[in-house]
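# Structure at a glance
What follows is the residue order along each chain.
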Amino acid sequence: MAMIKVHGYQLSTATAMVRACLNEKDLEYEFVIVDLSKGAHKQPPFLALNPFGQVPVIQDGDLTLFESRAIVKYLAKKYEGQGTNLLGSTIGEQAMVEQWSHVESQSFTAPCSEVVFQILIVPMIGGKTDQAVVDSSLKKLSNVLDIYEERLSKSKYLAGSFFSLADLQHLSYIHALVNLAGQGEVVTSRVHVKTWWEDISSRPAWKKVAEAMKL
Amino acid sequence: MVVKLFGPAFAASSRRVLACLIEKDVEFEIVPLDLLNGEHKKPEFLALQPFGKVPVVQDGSLTLFESRAIVRYYAEKYAAQGTCLLGKTLEERALVEQWLEVEGQNFRPHGDALVYQLFVAPIFNVPQDKALIESSAQKLGEVLDVYEERLSKSKYLAGDFYSLADLSHLPSIEYILSATDKGYLIKNRRHVNAWWEDISSRSAWKKVLAMGGYSGVN
């Protein structure tokens, strides 16, 4: 059986999400670098894999799949017999995993990524950080994290007492915010969010990926 | 036990859930919420949905929010009844998830911006951001170019079968067409338009629209 191929980029948060999942599921894979800094993701060979020109893409046998959150869900289901269970054990638990995964994708990640983009990426591409955007994004993120603080004061992980895709989906975005952009205060100033972050980011499956995600 | 849906029936996210429940022959009851008077920001509602957004469903002891999570839950829970919305194999399911994410990540930001700027902002006397309207229309057009290519080769987004991925687009496209002047983005693309005509003619969707629109719309 051919090894799973991941087409991605070391610094891409979405790529890191998929790699964390592969590690949790004890899956080997071949990493094919798509050099975003050279615009490789907008060239025809890559567009044939993902017409939206975004990393990552996986190939698993005959299946080519893009969208990181679809990929991690597919891997979690297909390989449910091995590695960490990332989906919950009952249909009710699975519903909670879905709910908090969507909180990540619909409420958390946009303001978080905006902060990282302004502070880290904009200067790299020759622009000037827009502090007003940083401030308003941090405010939105703070409001969301107040709700997480309440949730995590009653629940060890987002979906319940078990680590799941809902937590995993946050890893690379929080890593970029805290460790690459130096904006960790929103996380570390909230007792339960901080504890949760320290717990999930100390998982060996994540640490391997974090090592590769350096500037 | 009947599923309770909290939220106005005309909200796009409510419609996403209602379309799914009807396709799956699941009985439900709507508990209306007065968004204009901030009912969704009051403590009773925040106890159900701490982010203060609609809809929320209550199903026995389960309370669930995020419309895209809710539709996946019901499509899975009632896999054996009503329309099959998740494909038949693990690989088909993966493609459904992929195109659901495309809707949530690539389509939604620009679609929502257009509907908010052109339809919602005037209702609340919020000044429109003309630059954002233009750039959103441009970006949505680029996303729809990819859909046009996809739908020239595939009857529905995930393959030759109707799925949640198609359903998830219904509310947003309906508002773009009926409440903004950007409907040409859909209508001018042959395969996208044919796909829209097909999915919007499904009886489940027609029943959702028959529940009523925003009462302030002319």
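## A few points about the overall build of chain B
A count of helices and strands for chain B gives 10 helices and four strands. From first element to last, N terminus to C terminus, chain B shows the α and β order β-α-β-α-β-β-α-α-α-α-α-α-α-α. The buried share among the 218 residues of chain B stands at 54%. Pairs at least 24 apart in sequence give 67% of the contacts found in chain B among residues at least 6 apart. As presented, chain B carries roughly 9500 Å² of accessible surface, and 52% of it is formed by carbon and sulfur atoms.

## Focus on the sheet that holds strand S2 (residues 28-31) of chain B
Residue and element names in this part refer to chain B. Pairing is mixed in the open sheet, where four strands are placed in the order S2-S1-S3-S4. Looking at strand neighbours, the two that pair on one side only are S2 and strand S4 (62-65), the edges of this open sheet. Neighbour-to-neighbour, the strand axes of this sheet turn through a mean angle of 20°, independent of strand direction. Looking at chain direction, strand S3 (residues 56-59) and S4 are connected through four bridges and run antiparallel. Paired with Val57 across the two strands is Leu64, which belongs to S4.

## So, the interface of chain A and chain B
In this complex, chain A contributes 29 residues to the contact, which on the side of chain B involves 31 residues. Taking both sides of the interface into account, the surface hidden between chain A and chain B amounts to around 2700 Å²; carbon and sulfur atoms contribute 67%. Scanning the region where chain A abuts chain B turns up three salt bridges. Across the salt bridge formed by Glu98 of chain A and Arg72 of chain B, the nearest N and O atoms sit 3.8 Å from each other. Those elements that place two or more of their residues in the side of chain A that touches chain B are strand S4 (63-66), helix H3 (68-78), helix H4 (91-124) and helix H5 (131-152) of chain A. Per-element accounting of the side of chain A that touches chain B gives the leading share, 12 residues, to H4 of chain A. Among the residues making up the side of chain A that touches chain B, the classes are represented as 15 nonpolar, eight polar and six charged.

## Quick word on the pattern of salt bridges
Any two side chains of opposite charge can pair, on the condition that their charged atoms come close. All names here are of chain B. Going through the model one piece at a time under the given rule, you end up with 27 salt bridges over all chains. In this structure, Asp59 engages Lys77 in a salt bridge whose closest nitrogen and oxygen atoms are separated by 3.5 Å. Of this pair, Asp59 sits in strand S3 while Lys77 is found in helix H3 (residues 67-77), placing the two residues 18 residues apart along the sequence. Judged by relative accessible area, Asp59 falls into the buried class, the value being 11%. Judged by relative accessible area, Lys77 falls into the partly exposed class, the value being 33%. Between Arg189 and Asp145 there is a salt bridge whose closest N-O contact spans 3.0 Å. Of the two residues, Arg189 is situated in the loop between helix H8 (184-187) and helix H9 (190-200) and Asp145 in helix H5 (residues 130-151); the sequence distance between them amounts to 44 residues.

## Focus: the environment of Gln58 of chain B
Residues and elements named next belong to chain B. By the secondary structure assignment, Gln58 is in strand S3. By relative accessible area, which is 24% here, Gln58 ends up partly exposed. In sequence terms Gln58 and Phe28 are 30 residues apart; their C-alpha atoms lie 9.9 Å from each other. When residues no more than four places from it in sequence are discounted, the contact partners of Gln58 are Val2, Val3, Lys4, Phe6, Leu48 and Thr63.

## Observations regarding the side chain of Arg15 of chain B
By the element assignment, Arg15 of chain B lies in helix H1 (residues 12-23). Look past the residues within four positions of Arg15 of chain B in its chain and what remains in contact with it is Ala9, Phe10, Pro171, Glu174, Tyr175, Trp205, Val208, Leu209, Gly212 and Gly213 of chain B.

## Here we look at the environment of Ser68 of chain A
All names here are of chain A. Position of Ser68 relative to the elements: it lies in helix H3. C-alpha separation for the pair Ser68 and Ile58, spaced 10 residues apart in sequence, amounts to 9.1 Å. Aside from chain neighbours lying at most four places away, what touches Ser68 is Ala14, Met17, Val18 and Pro56.

## Description of helix H10 (residues 204-212) of chain A
All names here are of chain A. When we look at burial in H10, the residues that qualify are Ala205, Trp206, Val209 and Ala210. When H10 is viewed along its axis, its buried side chains cluster within an angular range of 125° and face the same direction. Structural note: H10 exposes Pro204, Lys208 and Glu211 on the side pointing more than 90 degrees away from its buried face. Check the buried side of H10 and you find it contacts helix H1 (13-24), helix H7 (171-180) and helix H9 (191-201).

## Observations concerning H3 of chain B
With nine of 11 residues buried, H3 of chain B lies mostly within the body of the structure. Buried within H3 of chain B are the following residues: Ser67, Arg68, Ala69, Ile70, Val71, Arg72, Tyr73, Tyr74 and Ala75 of chain B.

## A few points about the side chain of Ser142 of chain A
Within the secondary structure, Ser142 of chain A is located in helix H5. Among residues more than four places away in sequence, those in contact with Ser142 of chain A are Val186 and Arg190 of chain A.

## Comments concerning the pairing of strand S2 (residues 29-33) of chain A
All names here are of chain A. Examined bridge by bridge, strand S1 (residues 4-8) and S2 share five bridges and lie parallel to one another. Residue pairing for S2: His7 is matched across the bridge by Val32. Following the chain from S1 across H1 to the adjacent parallel S2, one finds a crossover that is right-handed.

Definitions and cut-offs
- Residues numbered from 1 in each chain as written.
- Chains lettered and ligands numbered in written order.
- Predicted model: local features only at pLDDT ≥ 70, side-chain atom pairs only at ≥ 80, totals over all residues.
- Heavy atoms only, no water.
- Helix = DSSP H or I, 4+ residues; strand = E, 2+ residues; numbered from the N terminus.
- Buried < 20%, exposed > 50% of the residue type's maximum accessible area, 1.4 Å probe, protein only.
- Contact = heavy atoms within 4.5 Å.
- Areas by Shrake-Rupley, 256 points an atom, 1.4 Å probe, with all protein chains shown as cover.
- Pairing = 2+ DSSP bridges.
- Axes fitted to C-alpha atoms, helices over the stretch in contact; angles between N-to-C directions.
- Buried area = accessible area lost by both parts, 1.4 Å probe.
- Salt bridge = Lys/Arg side-chain N within 4 Å of Asp/Glu carboxyl O.
- Nonpolar A, V, L, I, M, F, W, Y, C, P; charged D, E, K, R; others polar.
- Arc of directions from axis to C-beta.
- Right-handed = clockwise from strand over helix to strand, strands pointing away.

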